[in-house]
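Secondary and tertiary structure notes
As a plain string of letters, each chain reads:
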Amino acid sequence: MLSRLFQRSLFVAVTCSAVFAQAADKLPNVVILATGGTIAGTGATSTTTVGYTAAKVGVDRLIEAVPELKQIANVSGEQTFQIASENMTNENWLTLAKRVNVLLKQSNVDGIVITHGTDTIEETAYFLNLTVKSRKPVVIVGSMRPSTAISADGPINLYNAVAVAGSADSVNRGVLVAMNDEILGARDVTKTNTMLANTFRSPELGDLGYIVSGKPKFYRATTRKHTADTEFDISKLDKLPAVDIAYGSANANTIAIDAFAAAGDEGIVYAGTGDGSLSTPVRARLTELRQKGFFILRSSRVGNGPTVRGGENDDDKTDFVVSDTLSPQKARILLMLALTRTHDTKKIQDMFYTY
Ligand code: DGL
């Protein structure tokens, strides 16, 4: 009798594990690359939502905290960095992009999720949008509340990011940011609030889609080149050209610009007022620097709308490049990568209308 019962329970166990194995076989393989940030942050109390410590919790604990991940993907984790994202560097980006490209070449990797501090998510997303050489999904995710807070948004954001990264619908859409049930494109996403959970927006140009009960639903697609279609190859680079950003305001002067030039920058992004307007002394100094071989990128501090060539400056005459709708921080990224390909300002300007 016992042996029959044992046989039966053994049969059930074997069948279930086979079904589970078969089910697991059907699930997408998603690799989580953890870099730090608030999603890995801890606060002194469960009500601490600012003034906590970012980049404390490791990738294994982030995955363990969301057991539901196992129902939607075969997940593995790597701790790429453990930093607050204001400390992200060009070298970090090169390391991350190279690791992503190695993993996505593997047939047993269907998508990648990157957990990241929200302060520079938009920049890392855009850098990867220009350097990942695959059409497989790469989804960047963070959180606005630390893991220790009541209603921490990290776990659901991580679950949603894995769902997006494992979905065939997410293929060839460029690098995506998945936060607060929204899917945003790397080129246009930006952090719009210092503390709210819905901080990530693509103002005026809009989200690409939503995540509804763990399923991505797309409504739009980017019109600009990205990932496998870009011309940039970072595989052999261990540093990027030095490009810094000067910020325009009333009473603008050239102290920051002079410091960047003295430090040996190759390019300077100027976040001008309005449509990338330059005060008289700033325009004169930037024009001089262009004549000395520095590359000048005219952008705007405004946040929406294109910085238009020939609008607030005779860019043909001064040989400046304009950022189109890219923010100063994203224009810096494209200018750095452009300078790894060419010093021809007409070709660089075309890149700002292409990516
Ligand atoms: N120190 C900020 C960062 O790592 C915290 C913000 C966050 O991750 O939400 O980006």
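The rules behind the values
Residues numbered from 1 in each chain as written. Predicted model: local features only at pLDDT ≥ 70, side-chain atom pairs only at ≥ 80, totals over all residues. Heavy atoms only, no water. Axes fitted to C-alpha atoms, helices over the stretch in contact; angles between N-to-C directions. Helix = DSSP H or I, 4+ residues; strand = E, 2+ residues; numbered from the N terminus. Parallel < 35°, antiparallel > 145°, perpendicular 65-115°, else oblique. Left-handed = near helix turned anticlockwise from the far one by under 90°. Contact = heavy atoms within 4.5 Å. Nonpolar A, V, L, I, M, F, W, Y, C, P; charged D, E, K, R; others polar. Patch = residues over 30% accessible without salt bridge, like charges linked within 9 Å, V, L, I, M, F, W, Y side chains within 5 Å. Areas by Shrake-Rupley, 256 points an atom, 1.4 Å probe, with all protein chains shown as cover. Salt bridge = Lys/Arg side-chain N within 4 Å of Asp/Glu carboxyl O. Near = heavy atom within 4 Å. Polar contact = N/O pair within 3.5 Å; in protein donor to acceptor, adjacent residues only side chain to side chain. Buried < 20%, exposed > 50% of the residue type's maximum accessible area, 1.4 Å probe, protein only. Pairing = 2+ DSSP bridges. Right-handed = clockwise from strand over helix to strand, strands pointing away. UniProt positions renumbered as here; feature names shortened; annotations may be inferred. Core = buried A, V, L, I, M, F, W, Y, C linked by side-chain atoms within 4.5 Å. 1 Å grid on protein atoms, 1.4 Å probe; cavity = no way out; pocket = protein on both sides within 12 Å on 5 of 7 lines; lining within 4 Å. Points joined across faces, edges and corners; volume = space filled by probe spheres on them.

**Concerning the packing of helix H10 (residues 328-339) against helix H11 (residues 345-354)**
One can describe the packing of H10 onto H11 by two numbers: an axis separation of 10 Å at closest approach and a directional angle of 135°. Viewed along their axes, H10 and H11 adopt a mutual orientation that is oblique. Our pair here, H10 against H11, has a crossing hand that is right-handed. Taken together, the residues of H11 that come into contact with H10 (itself represented by Ala 331, Leu 334, Leu 335, Ala 338 and Leu 339) are Ile 348, Met 351 and Phe 352. In terms of residue class, the contact of H10 with H11 is built from eight nonpolar, no polar and no charged.

**Some words on a nonpolar patch on the surface**
On the surface, Val 50, Met 195 and Leu 196 cluster together into a nonpolar patch covering about 290 Å² of accessible area. The residue Val 50 is located in the loop between strand E1 (29-36) and helix H2 (59-64) in this model.

**Things to note about the site of the ligand**
Around the ligand, the neighbouring residues are Gly 37, Thr 38, Tyr 52, Ala 84, Ser 85, Glu 86, Gly 117, Thr 118, Asp 119 and Ser 143. Between an oxygen atom of the ligand and a main-chain N or O atom of Thr 38, the distance comes to 2.8 Å. Considered on its own, the ligand offers 280 Å² of accessible surface; in the complex 91% of this is hidden by protein. Its residues placed into classes, the shell around the ligand shows two nonpolar, six polar and two charged.

**Quick word on the pairing of strand E4 (residues 138-141)**
Both faces of E4 are covered, namely the face carrying Val 138 and Ile 140 and the face carrying Val 139 and Val 141. With four bridges joining them, strand E3 (residues 111-115) and E4 adopt parallel strand pairing. Pairing of Val 113 across the sheet is with Val 139, part of E4. Regarding the hand of the β-α-β motif, the stretch spanning E3, helix H5 (residues 121-131) and E4 is right-handed. Pairing of E4 with strand E5 (residues 176-179), which is carried by two bridges, proceeds in the parallel orientation. The residue of E5 that forms the bridge with Ile 140 is Val 177. You can see the chain leave E4, run along helix H6 (residues 154-165) and come back into E5, and the turn it takes is left-handed.

**Here we look at the sheet that holds strand E12 (residues 267-272)**
Sheet strands pair by backbone hydrogen bonding; their relative direction is either parallel or antiparallel. Taken in spatial order, the four strands of this open sheet run E11-E12-E13-E14, and their pairing is parallel. In this open sheet, the two strands that pair with only one neighbour each are strand E11 (243-247) and strand E14 (321-322). As defined by bridge partners, strand E13 (residues 295-300) adjoins E14 across two bridges and the pair is classed as parallel. Counterpart to Leu 297 in the pairing with E14 is Val 321.

**Focus: the UniProt feature "domain: Asparaginase/glutaminase C-terminal" (unreviewed entry) in the chain**
Feature annotation in UniProt assigns "domain: Asparaginase/glutaminase C-terminal" (unreviewed entry) to the following positions: residues 243-352. Along residues 243-352, the helical share is 40% and the strand share 17%, with 16 Å between the first and last C-alpha atoms.

**Structural notes on the nonpolar core**
Grouped together as the largest cluster of nonpolar side chains are 79 residues, with contacts concentrated most on Ile 112, Val 113, Ile 114, Phe 127, Leu 128, Leu 158 and Phe 352. Looking at which element gives the most residues to this core, the answer is H10, with eight residues. When residues no more than four places from it in sequence are discounted, the contact partners of Phe 127 are Trp 93, Leu 94, Ala 97, Ile 234, Leu 240, Ile 333 and Leu 337.

**Comments concerning empty space enclosed by the protein**
Counting across every chain of the model gives one cavity of 30 Å³ or more. Put simply, the largest cavity is a space of about 60 Å³. Around the largest cavity, the lining residues are Ser 299, Ser 300, Val 302, Gly 303, Asn 304, Gly 305, Thr 307, Ser 323, Asp 324, Thr 325, Leu 326 and Ser 327. Grouping the amino acids of the lining of the largest cavity by side-chain chemistry returns two nonpolar, nine polar and one charged.

**Comments concerning unusual backbone geometry**
Phi is mostly negative for residues that are not glycine, and the peptide bonds are mostly trans. The phi torsion at Ser 151 lies on the positive side, around 55°, for a residue other than glycine. Tracing the backbone through its elements, the reader meets Ser 151 in the loop between E4 and H6. Of the residues examined, Ser 151 reaches a relative accessible area of 54% and is grouped as exposed. Here the phi dihedral of Ser 213 falls at roughly 45°; this positive angle occurs in a residue that is not glycine. Mapped onto the elements, Ser 213 comes out in the loop between strand E9 (209-212) and strand E10 (215-218). On the accessibility criterion, Ser 213 (72% relative accessible area) is exposed.

**Considerations on the pattern of salt bridges**
Here the structure, examined in full by the defined rule, presents 14 salt bridges. Arg 285 is the partner of Asp 258 in a salt bridge, and the nearest nitrogen-oxygen pair spans 2.3 Å. Of this pair, Asp 258 sits in helix H7 (residues 255-262) while Arg 285 sits in helix H8 (residues 280-291); the two residues are 27 residues apart in sequence, bridging distant segments of the chain. The structure contains a network of salt bridges with shared partners spanning Arg 187, Asp 188, Arg 224 and Asp 324.

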